[in-house]
Every structure is written in C-alpha cells, then in structure tokens.
Amino acid sequence: MGSVRPGSPPPASTAGSTDRAAVLVCLFQGDDGDLRVILTKRASTLSSHSGEVALPGGKREEGDADDVDTALREAKEEIGLESSQVNVVTVLEPFVNKQGMPVVPVIGILNVREAFKPAPNPAEVEALFDAPMEMFIKDDNRRVEMGEWMGNKYLIHIFDYEMKNKKYTIWGLTASILIRAASIVYERPPPFVEQNPSYKVAFVVESEDNRMVSSKPEQRLQTLAQHFRLQKLVKPGLSPTGTMGSIKRAAVLVCLFQGEEGDLRVILTKRASTLSSHSGEVALPGGKREQGDADDVDTALREAKEEIGLDPSQVNIITILEPFVTKQGMTVIPVIGILSNKEAFNPAPNAAEVEAIFYAPLEMFLKDENRRSEEKEWMGDKYLLHHFYFEDDGKEYVIWALTAGILIKAASIVYQRQPAFVERRPKFWSGSTHVTTP
C-alpha cells in the first residue's frame, strides 16, 4: 500500500465493505529500549506510489472478515509477517485518500522480535526497515509542504530518516497515521502544527460479524476492552514541575456502561454552584494531577472516587486518548474505562464538588440532534464550540466546550465514524496555539 495522500470525502458508493483499506502499524522494542515501527519501501516497478515509504497494508479483499484481517493478510503477503506473531491492540479512526477510500490503521505489537524472519515480496517491497516511533512527534528531521485539494489548504509532513546508510522519506498519510499513533502512545501531541485536511466522512459501521465493531450493544463493551490496550504500552517520564508534570496536567474519566436499552452511556456530573471555577457546568469526573498519582489513570480514578464515590476496582481501564490542551496550557488526558457492574455502583456525590450525577448516551455526541454550535476565535484561530442539550429525570443539562470535544472524540473511536456535523476544533486543544502561564 503506498503513501496515501490526504484527500476529499468519498462518493456514496465507497461505503461498501471492499472499498476500504487497512495498514498495520506494527510496534516492537528496539535494542536501545525505544519503541520502533516496521516500514517498507515500495518496489520501483509498481504502477502506483513506486519507491515510496509505506506501512504494510492494502485494499480489503472479499475473504477478509474485517480491517484487522486485511492488515494482517497484507503484512503476511508483503513482508512475511505471520499474524500469530502480532498482538493487535487497537484500531484507529479511518483516514481517507484522494480517491475517497477509507484507510484504517491497525495497531499491533510484535510479540517476539527475534521470531520474525522478514521475507519481503520483491514484486511489492524493495526494502524493509524500522524507525523510532517517537520521531513522529518531534520536530527533528521534519519539513513541510503546503498542499491544496478542492480549495482546502493543508500541511504535508515529510520526515527524513537514515538507517544503515540508506535514506528514506516518510510523508503523506503514512506520516499522518504515525503522528496520530505516536501521539496516543506517548500521551502528548506533536510540538508542531499538523493542519490536516478538513474533510468529513460518514463511515459505515461494519456488520455484526466484525470483531472490532459490533452492532450488538451487549458485545460492544467486550470488544472495546479487547482492542483498546495502548495505555500500558508506554509510560513516558514526567517532570513534577514542567508543563508535562503535575502542575500543568489533569485527567478525566470517560466511564462507559451498557444502559437499560442496550446503548452505551457515559457518566457525567454537574459541578456544584459554589465552586470558584466552572460552577454549575457539566463535566466528566476528573481533575488536576497530584504528587501521589502514579500516572494519568491514577489521577482520573482518584478524582472519580472523590467526586462521585466510584471505586477504582469497579472500572476496567481500556485506553487513554490523545491529550487536549486548555487555553491556559493545561494538558487534559481523557482516560476511557468500562463500569464492570452498573448495579454495584452506588453514586455518592461529594456535595462540595458535585451537584448532580447523570448518564448520557455516548452516540448522542455523533448526532446533529439537540445540538447547536457557536463560532469563537482565539489568537486568530476560528473554531466551533458545540453545545449538546440533554434531559434526564425532568432536568436539562448542557454539555459543551472541552467536555463535548472529548466525548465527540471518544464516540468517534467507539463507533468508528465521524460526527454528522462539521467539528472544526480549536487549534489550542492540540497544543498548537495555547498560552503558557507560569
């Protein structure tokens, strides 16, 4: 599969099961203890994207059960990687090429590096190499070009990499996928502005047989727990005083459970009206990191225990999403968990912090119903703030701003489709234009 370039929304006919592709982001621990990813250089004889760097992968075939099957089959055909050697941990949101084809990144870990005996197919692969994963969230050896497609201007990121006296150029959608994956793995955004294409695509959720996404609600919680595991992969060191440390870092818990009607629901709170900041607003349980917290998961679980009486033993943590950054430069980490037994949870809101606890359907944050948006501007960046209106037990709640943004992102990953509206997130959420305060 070539280095797929960013593109436009697909025509309606591209939603079919075979009109999609998948690539394998296969990670392993290098000799120096760093995390590395397997890449290929496509054969110069290929008719498309010849000589370009790519992730193993390609177009879905009729016999493939799902995107994971596609990625693993292609990796076997292209580089001789046996599927039994890969532990698949998650599937990222789809990207789209200029021809409108969804490209799904499948993240996996190479179980035993020494057991992998590369066997590149010369008809498809000229060279096989690996690169440090962290490179894709650094500004070293990176350059950009401005691209334009159907009036949409965006940045094409190009990483220049040398290994064993051979030079490789990693760019286009391959680079974009690796930036996204590295941001999740290392729990921090890149230090550069991404400016990806602003296309919006409505993806079709695949059939009940798909092991990654199930239309059966009772199976969806199980599949979530099975394929979201990245938070245990890498734990970057944090300074207690720097911008990545306790003073400038917070975490919130996106706690999901199966509702009475079989839908996925998320626990939300209404903050106490007596609080000095964001009083009376809807929020996810969470707060600022404290010195005793081991990591972001500890922060989120501790805050949930303090605010609503949720015992950490009742939550199965499944992943950590990419960080969000506030206007004040605070890094906020969404921690995703599943409430293992809803009946065992006895809410005990802390009256000093929480006025009410309620449960909203997660899918609501992908729909255009009961939603409005307002345009805002910050340091020259125009963006939309989304407000979702929800009624529960005769009370109306407004879910908006960063909380809404986090839930849109979480719902997009869980349901593997984009929202039915234009999102236009603020750039500072990704750390691009935030103001750093002492």
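The structure displayed is predicted, hence computed values, not measured ones.

(A) Just the overall build of the chain, in detail. From N to C terminus, the chain includes five helices and 22 strands. Residues counted as buried form 56% of the 438 residues belonging to the chain. At a minimum sequence separation of 6, the contacts of the chain that also span at least 24 residues come to 67%. As displayed, the chain offers around 19000 Å² of accessible surface, 47% of which is attributable to carbon and sulfur atoms.

(B) A look at the pattern of salt bridges. Under the defined criterion, the tally for this structure stands at 25 salt bridges. For Asp130, the salt bridge identified is with Arg36, shortest N-O distance 2.5 Å. In this pair, Asp130 sits in strand β8 (residues 125-132) while Arg36 sits in strand β2 (residues 35-42), placing the two residues 94 residues apart along the sequence. Of the two residues, Asp130 and Arg36, both sit in the buried class. Arg302 is the salt-bridge partner of Glu290, the closest N and O atoms lying 3.4 Å from each other. Of the two residues, Glu290 is situated in the loop between β15 (286-288) and α4 (296-308) and Arg302 in helix α4; the sequence distance between them amounts to twelve residues. Owing to a relative accessible area of 40%, Glu290 belongs among the partly exposed residues under this scheme. Here Arg302 falls in the buried class, since its relative accessible area comes to 16%.

(C) Here's a closer look at the packing of aromatic side chains. Under the definition given, this model contains twelve aromatic pairs. On the basis of an interplanar angle of 25 degrees and a centroid distance of 6.0 Å, the ring pair of Phe358 and Phe390 is categorised as stacked. Taken together, the residues span a long stretch of sequence, with Phe358 in strand β19 (residues 354-361) and Phe390 in strand β21 (residues 381-392) at a distance of 32 residues. Comparing Phe358 with Phe390 shows no difference in burial state: the two are buried. The rings of Phe129, Tyr161 and Tyr168 are connected pair by pair, giving a single aromatic cluster. The side chain of Lys342 reaches across the aromatic face of Phe257, ending 5.3 Å from its centre. The ring centre of Phe421 lies 4.2 Å from the NZ or CZ of Arg371, which sits over that ring.

(D) Looking closely at unusual backbone geometry. One non-glycine residue, Asn165, adopts positive backbone phi at about 65 degrees. With respect to the element layout, Asn165 can be found in the loop between β10 (152-163) and β11 (166-171). For Asn165, a relative accessible area of 72% corresponds to the exposed category.

(E) Molecular detail of the sheet that holds β11. Spatially, three strands are ordered β9-β10-β11 in an open sheet, and the strand pairing comes out antiparallel. The two strands at the open ends of the sheet, each matched to only one other strand, are β9 (142-149) and β11. For this sheet the average axis-to-axis angle between neighbouring strands, irrespective of direction, equals 25 degrees. One ladder, built from six bridges, connects β10 with β11; its direction is antiparallel. Residue pairing in the sheet places Ile158 in a bridge with Trp171 of β11.

(F) Inspection of the environment of Lys409 at higher detail. Residue placement: Lys409 occurs in helix α5 (residues 401-415). A relative accessible area of 15% places Lys409 in the buried class. In sequence terms Lys409 and Phe365 are 44 residues apart; their C-alpha atoms lie 8.7 Å from each other. Among residues more than four places away in sequence, those in contact with Lys409 are Glu93, Leu321, Glu322, Phe324 and Arg425.

(G) Structural view of the nonpolar core. Judged by nonpolar contacts, the single largest core of 43 residues is most densely connected at Val254, Val266, Leu268, Leu362, Phe365, Ile399 and Leu407. For this core, the secondary-structure elements that each account for two or more residues are β12 (249-258), β13 (264-271), β18 (331-339), β19, β21, β22 (395-400) and α5. Broken down by element, the residue count for this core peaks at eleven residues, all from α5. What Leu362 contacts, discounting residues up to four positions off in sequence, is Leu256, Leu264, Arg265, Leu407, Ala411, Val414 and Tyr415. Judged by nonpolar contacts, the second largest core, of 38 residues, contains Phe95, Ala127, Phe129 and Ala181.

(H) Focus on the confidence of the model for the chain. Considering every residue of the chain, the mean pLDDT works out to 82; 82% of them sit at 70 or more. Ranking the elements of the chain by mean pLDDT puts helix α3 (residues 217-227) last with 46 and strand β14 (residues 282-283) first with 97. A low-confidence stretch, residues 225-246 (pLDDT under 50), is modelled with 62 contacts involving residues beyond four sequence positions or located in other chains.

(I) View of the sheet that holds strand β20 (residues 371-378). With antiparallel pairing, the three strands of this open sheet are ordered in space as β20-β21-β22. Every interior strand has two partners, whereas the edge strands, β20 and β22, have only one. The average undirected angle you get between the axes of adjacent strands in this sheet is 25 degrees. For β20 and β21, the ladder comprises eight bridges, and the chain directions are antiparallel. Residue Arg372 lies in a different strand from β21, and its bridge partner there is His387. Taken strand by strand, α5 contacts β21 and β22, and its axis lies near 80 degrees from that of β22.

(J) Spatial organisation of the pairing of β10. Extensive coverage of β10 is indicated by the burial of nine of its twelve residues. As consecutive antiparallel partners, β9 and β10 are separated by two residues, and within that stretch Met150 has a phi angle of approximately 55 degrees, a positive value. If you look at the hairpin formed by β10 and β11, you'll find two residues sitting between the two strands, and Lys164 has a positive phi there, around 55 degrees.

Calculation notes
- Chains are numbered independently. Their residues run from 1 in the order of the written sequence.
- Given that this is a predicted model, residues contribute local features only at a pLDDT of at least 70 and side-chain atom pairs are listed and counted only at 80 or more, while totals for whole chains, interfaces and linings are drawn from all residues.
- Only hydrogens and water are set aside when side-chain values are computed; all heavy atoms of the structure are taken into account.
- Strands here mean DSSP runs of E at least two residues long; helices mean DSSP runs of H or I at least four residues long; both are numbered from the N terminus.
- The classification of residues rests on relative accessible area computed with a 1.4 Å probe and restricted to protein chains. Under 20% of the type maximum is buried, over 50% is exposed, and intermediate values are partly exposed.
- Residue contacts are defined here by distance: any two heavy atoms, one from each residue, within 4.5 Å place the two residues in contact.
- Methods summary: accessible areas were calculated by the Shrake-Rupley approach with a probe of 1.4 Å, and residue burial reflects only the protein chains presented.
- By definition here, a salt bridge exists when the distance from a side-chain nitrogen of Lys or Arg to a carboxyl oxygen of Asp or Glu is within 4 Å.
- Any Phe, Tyr or Trp ring, taking Trp's six-membered ring, that has another such ring centre within 6.5 Å forms a pair; planes under 30 degrees apart are called stacked, those over 60 apart edge-to-face, and the others tilted.
- Look at NZ for Lys and CZ for Arg. If either is within 6 Å of the ring centre and within 35 degrees of the ring normal, a charge sits over the ring.
- Strand pairing is defined by DSSP finding a minimum of two bridges between the two strands.
- Convention adopted: a line fitted to C-alpha atoms gives each axis, helices being fitted over their contacting stretch, and angles between N-to-C directions are expressed from 0 to 180 degrees.
- Residues grouped as a nonpolar core are buried Ala, Val, Leu, Ile, Met, Phe, Trp, Tyr and Cys residues, joined through side-chain atoms within 4.5 Å.
- Confidence scores here are pLDDT values: one per residue, from the predictor, ranging 0 to 100.

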